Amino acid sequence: MTMRPDALRLVRDTQHEGDVPVDPSRQAVDGLAFFSDAQIVARYRTLRSGLEHDPAETIEQPIVRSFLGDVGGRAVLDLGCGEAFLGRQLLAAGAAHYLGIDGSPLMVAKARQTLAGTGGIVEQHDLERWCGGLIGRFDMVVSCLTFQYVADLPRLFEIIRHHLKPGGVLVFSVEHPVMTSSYHALAPADGRSGWAVYDYFRHGSRDDHWLDAVVRKHHRTIAQLIDIVRGHGFDLDRLSEGEPDRANFETVQGYEARLDVPICCVLRCIRRA
Ligand SMILES: C[S@@+](CC[C@H](N)C(=O)[O-])C[C@H]1O[C@@H](n2cnc3c(N)ncnc32)[C@H](O)[C@@H]1O
C-alpha cells in the first residue's frame, strides 16, 4: 500500500475545501490556543472522524488501554482529555471515578456531552498552570497525545505525583520523538513513505504547520522522557514505541503501511511509595 506522506502523521492531514498554504510568516500558537480555535477544532474533528485508518485508533489507543489494564473500581484522572472518548470507555469498563482536564473550552464542552449520563466530570484548566488540589486521590493518571504541547513537563510531573496514590499508575502517550524532531514527510521513489529526521538531539520546541495553522510542539527524546519520569518519583514499568498490532487493522496492507515510521511512544510508570 502506498501511503500519502501526510498520512504518516499521527492524525493525518487532509485537504479541506478552501485550503490555502499556510503563510510562512504566520506566528505559531501554543497547543491550548490551537485547540481553542473553532475553525481548527472543526478541521481536527473532521480528521478524527473521517479517518479510514486513524493511527490513534489502530495504534496508540490500544496500547494505552492495554497499559492501563483493569480499571475496575479505579479513580482515573485524564490530562488533556479532549472530547473524553477514553473517559466514556473507562467508565463503561468499570472505572469508579473519571475526571478529565482540558484547557480548551471547545473540547471541554464536547467532553461534557460525551460523558452525559455517566458519572464522569470535566474541568477546564491550563496544564501549564494547573495545580489541582485532589492530593493523593487517584489510582491512575492517563494522558494521550498532549504532553508534546506542554512546555514545562517537569512541573506537571510534580503535580501528577501528588495526585496519585503511592503505587498508582501513570500512562501517557506522546508523538514519537522521530516525528517531533522535524516535520518533514518524505515520499521516496519506491512508493513507500518515510519521515525526515533532523535535529533529533536539538532539544526544545518546534513549529508544526498543521490543519492550516502553526502549532508549537515540544520535542523530547525518549531518554529525556525517561529522565523526567525517573526524576519525579516514578519507576518506568513499560515502554512502547507504537509497534502496530496486525489484529487492529482491517487489511494486511493497512498494517504493513504502518511498519515504516514510528508514530507514538507510550510509557507506563509507577509512582514510588
Ligand atoms: C491531540 S489532542 C488529544 C485529546 C485526547 N487526549 C485524545 O487522545 O483524543 C490534545 C489535547 O490537549 C489539550 N491541550 C493542549 N495544551 C493544553 C494545555 N496547556 N492545557 C490544557 N489542555 C491542553 C488540547 O485542548 C487537546 O484537547
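Residues numbered from 1 in each chain as written. Predicted model: local features only at pLDDT ≥ 70, side-chain atom pairs only at ≥ 80, totals over all residues.

Draft legend 1. Spotlight on the environment of F138. Topologically, F138 is positioned in strand β4 (residues 138-144). Of the residues examined, F138 has 25 C-beta atoms within 10 Å and is grouped as buried. Here the alpha-carbon distance between F138 and V169, two residues 31 residues apart in the chain, equals 8.9 Å. Residues contacting F138, with those up to four places away along its chain left out, are A75, V76, L77, H163, L164, K165 and G168. (Helix = DSSP H or I, 4+ residues; strand = E, 2+ residues; numbered from the N terminus. Buried ≥ 20, exposed ≤ 12 C-beta atoms within 10 Å, placed from the backbone. Contact = placed C-beta atoms within 7 Å.)

Draft legend 2. A look at the sheet that holds strand β11 (residues 264-271). Strand order in the open sheet formed by seven strands is β3-β2-β1-β4-β5-β11-β10, with mixed pairing between adjacent strands. Edge positions in the open sheet fall to β3 (121-124) and β10 (234-240), since each of these has one partner strand only. Within this sheet the neighbouring strands show an average axis-to-axis angle of 20°, counted without direction. When strand β1 (residues 75-79) meets strand β2 (residues 97-102), the two strands line up parallel, connected through five bridges. Bridged to L79 within β2 is I101. Contacts from helix α5 (residues 105-114) reach β2 and β3 within the one sheet, and its direction differs from that of β3 by about 170°. (Pairing = 2+ DSSP bridges. Axes fitted to C-alpha atoms, helices over the stretch in contact; angles between N-to-C directions.)

Draft legend 3. Summary view of the pairing of β1. For β1, the tally of buried residues reaches five of five residues, placing the bulk of the element in the interior. As for the winding sense of the linkage, the β-α-β connection from β1 through helix α4 (residues 85-92) to β2 is right-handed. In the sheet, β1 pairs with β4 via three bridges, with the strands oriented parallel. Paired with D78 across the two strands is V142, which belongs to β4. (Right-handed = clockwise from strand over helix to strand, strands pointing away.)

Draft legend 4. The arrangement of the environment of Y200 in detail. Along the chain, Y200 falls in the loop between β7 (194-196) and β8 (204-210). Note: C-alpha distance between Y200 and M179 (21 residues apart in sequence) is 9.4 Å.

Draft legend 5. Summary view of unusual backbone geometry. For L145, which is not a glycine, the phi torsion comes out positive at approximately 55°. Along the chain, L145 falls in the loop between β4 and α6 (153-163). On the basis of neighbour counts, which here come to 20 C-beta atoms within 10 Å, the residue L145 falls in the buried class.

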